[in-house]
Amino acid sequence: MTDFFKGLSQVKYEGPESRNPLAFRHYNKDEVIAGKRMEDHVRPAIAYWHTFAQEGGDPFGGRTFDRPWFDKGMDGAKLKTEVAFEFFDLIDVPFFAFHDVDVAPEGETLAESNKNLRIIGDLIAANMQKSGKKLLWGTANLFSNRRYMAGAATNPDPEVFAYAAGQVKAVLELTNELGGENYVLWGGREGYETLLNTKIGQEQDQMARFLTLVIEHAEKIGFKGQILIEPKPQEPSKHQYDYDVATVFGFLQKYGLEKKVKCNIEVGHAFLAGHSFEHELAVASSLGMLGSVDANRNDLQSGWDTDHFPNNAGEMALAFYYIIKQGGLGKGGFNFDAKVRRQSLDPADLLHGHILGLDTLARGLKGAAALIADGEFDKLLDERYAGWNQKGAAAMLKGERSLEEIAAWVHAENINPQPRSGRQEYLENLVNRFV
Ligand code: XUL
Ligand code: CO
């Protein structure tokens, strides 16, 4: 036991009236909602990078957090592992997620980095065994080191591609050994700053080759988890190739990979792409691509990817609507890709952030479940499209009518469509009843 969280005890559900700031008011993991325990709907995960590796810096000033594992090499990494598992227990969340460099320091060579990762990987495995905590996903950091400044898979230098492949091999194998349920590839610096030095087609071919290598190796080592791509339109590159769900799907289809990969959708990334979070979820779900979620929010005034903790229950209700409708996230979950602000120095602040996130998700989940149980919302949606169930319309959709036949039908029946209200405000009021 370390003394990092000295004086703090496990966060419990105390109900909406509780005045205890270190209690859940809405997140009650064992409460059954729409036939499933809340925890099994949400499958929440703690992001190692924001919770234990983040230093509190911003572009105008460095580290504000004082963590006893900073700058301490492998001894620090070991202490960080112990503290991480103490945190998973305090916040009582079943999953976590990590990049290689979050858990173990990078070495001078790939061999040295792999050795560090292996040592900490064994420590993580022992802690998982003891605690019953599970790995939602693993990933490789292919963007922080300067070798990746022009991308990893999409780098003009094939040696960088090869180095990144070596790095992913090690993290994918560790993820597999730890029973990870997903492996995530976020684009990092796969994109470009200026077209003046960039061959887009060449870079896309490289990215597809890299992804294919990862999929093949995952199959070879018997990895049973999902491979996920996390779309993001900009940051760190001006133009990121995995712009949004639709762009990722088009890319995967071009290279015949759309059945092998799903998406990890992040709230803040959806906003950066000019979409709402629920838009990205709805598109992914309709394409069979909704795999997992990175839960957070952006500061909507700054227009940056600020990774605040979620605080909008209404937004989460619409998100859960699509998740419940598709029967849940399967192997996916809600990873809190969110960080406390740079002035939130205390260990307890890490708990406050995650309590906010979990309570917000719980309120959203309950709202969506109530909206679905009530039934009017789905009924109105079905009614809006009911015309398509009629024989002639159904035949038209199936491709059984030519343009000539359709035109003839309009003339024969004297069809003259009358506009109907889209009832947006009615629907917004309906949603408000449950959120
Ligand atoms: C970056 C981001 C990453 C990925 C994992 O914006 O969201 O933290 O989730 O690499
Ligand atoms: Co993310």
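Since the model is a prediction, treat every value here as computed from it, not as a measurement.

**A few points about the layout of surface pockets**
And then number 1: Computed from the structure, the largest pocket encloses a volume of approximately 1200 Å³.
And then number 2: Lining the largest pocket are 38 residues, and of these His50, Gln54, Asp305, Asp307 and Lys339 lie nearest its centre.
And then number 3: Mapped by element, the contributors of at least two residues to the lining of the largest pocket are helix 2 (48–53), helix 4 (100–103), strand 7 (134–139) and strand 8 (182–186).
And then number 4: For the lining of the largest pocket, the element with the most residues is helix 2, which contributes three residues.
And then number 5: The class makeup of the residues in the lining of the largest pocket is 13 nonpolar, 10 polar and 15 charged.

**Looking at the sheet that holds strand 5 (residues 44–47)**
And then number 1: The strand order 5-6-7-8-10-12-13-14 describes a closed barrel built from eight strands, whose pairing is parallel. Sheet twist, expressed as the average angle between the axes of neighbouring strands with direction ignored, equals 30 degrees.
And then number 2: Pairing between strand 6 (residues 95–99) and strand 7: five bridges, direction parallel. Residue pairing in the sheet places alanine 97 in a bridge with tryptophan 137 of strand 7.
And then number 3: Packed onto the sheet, helix 8 (residues 245–254) meets strand 10 (226–230) and strand 12 (261–266) and runs at close to 165 degrees relative to strand 12.

**Considerations on the side chain of threonine 139**
And then number 1: Residue placement: threonine 139 occurs in strand 7.
And then number 2: Judged by its relative accessible area of 4%, threonine 139 falls in the buried class.
And then number 3: A polar atom in the side chain of threonine 139 sits 2.7 Å from the backbone oxygen of valine 184.
And then number 4: Excluding residues that lie within four positions of it along the chain, threonine 139 makes contacts with Phe98, His99, Asp100, Val171, Tyr183 and Val184.

**Overview of the side chain of arginine 67**
And then number 1: Relative to the assigned elements, arginine 67 resides in the loop between helix 2 and helix 3 (73–91).
And then number 2: Buried charged residue arginine 67 carries no salt bridge. Nearest counter-charge: aspartate 346, at 7.1 Å.
And then number 3: Beyond its immediate chain neighbours, meaning those up to four positions away, arginine 67 contacts Phe4, Leu345 and Leu350.

**Here's the deal with the coordination of the cobalt ion (ligand 2)**
And then number 1: Coordination of the cobalt ion (ligand 2) by the protein comes from Glu230 (OE), Glu266 (OE), Asp294 (OD) and Asp337 (OD), over a distance range of 1.9 to 2.1 Å.
And then number 2: Angles of 79 to 170 degrees at the metal separate the six donor atoms of the cobalt ion (ligand 2), which places the site in the octahedral class.
And then number 3: Take aspartate 294: its relative accessible area is 0%, and that puts it in the buried class.

**A look at the packing of aromatic side chains**
And then number 1: Taken as a whole and judged by the stated rule, the model has 22 aromatic pairs.
And then number 2: With centroids separated by 5.1 Å and ring planes inclined at 70 degrees, the aromatic side chains of tyrosine 48 and phenylalanine 52 adopt a geometry described as edge-to-face. You can see tyrosine 48 and its partner phenylalanine 52 sitting in helix 2, four residues apart, about one turn around the helix. The pair tyrosine 48 / phenylalanine 52 is uniform in exposure class, with both members buried.
And then number 3: Taking 6.3 Å as the distance between ring centres and 20 degrees as the angle between the ring planes, the aromatic pair formed by phenylalanine 96 and phenylalanine 98 counts as stacked. The pair phenylalanine 96 / phenylalanine 98 is uniform in exposure class, with both members buried.
And then number 4: Through a chain of ring-to-ring contacts, the aromatic side chains of Phe4, Phe5, Tyr48, Phe52, Trp69, Phe70, Phe85, Phe87, Phe88, Phe96 and Phe98 assemble into a single cluster.
And then number 5: Residue placement shows arginine 147 over the ring face of tyrosine 163; its charged tip is 3.9 Å from the ring centre.

**Digging into the environment of glycine 353**
And then number 1: The residue glycine 353 is located in helix 12 (residues 347–374) in this model.
And then number 2: Among the residues examined, glycine 353 registers a relative accessible area of 8% and is labelled buried.
And then number 3: Distance in space between the C-alpha atoms of glycine 353 and threonine 51 is 9.8 Å, their sequence separation being 302 residues.

Criteria and thresholds
- Residues numbered from 1 in each chain as written.
- Chains lettered and ligands numbered in written order.
- Predicted model: local features only at pLDDT ≥ 70, side-chain atom pairs only at ≥ 80, totals over all residues.
- Heavy atoms only, no water.
- 1 Å grid on protein atoms, 1.4 Å probe; cavity = no way out; pocket = protein on both sides within 12 Å on 5 of 7 lines; lining within 4 Å.
- Points joined across faces, edges and corners; volume = space filled by probe spheres on them.
- Helix = DSSP H or I, 4+ residues; strand = E, 2+ residues; numbered from the N terminus.
- Nonpolar A, V, L, I, M, F, W, Y, C, P; charged D, E, K, R; others polar.
- Pairing = 2+ DSSP bridges.
- Axes fitted to C-alpha atoms, helices over the stretch in contact; angles between N-to-C directions.
- Contact = heavy atoms within 4.5 Å.
- Buried < 20%, exposed > 50% of the residue type's maximum accessible area, 1.4 Å probe, protein only.
- Polar contact = N/O pair within 3.5 Å; in protein donor to acceptor, adjacent residues only side chain to side chain.
- Lys, Arg positive; Asp, Glu negative; His and termini not counted.
- Salt bridge = Lys/Arg side-chain N within 4 Å of Asp/Glu carboxyl O.
- Donors = N, O, S within 2.8 Å, 3.2 Å for Na, K, Ca; no water.
- Tetrahedral: all angles 85-135°; square planar, octahedral: opposite > 155°, others 65-115°.
- Phe/Tyr/Trp six-rings, centres within 6.5 Å; stacked < 30°, edge-to-face > 60°.
- Lys NZ or Arg CZ within 6 Å of the ring centre and 35° of its normal.

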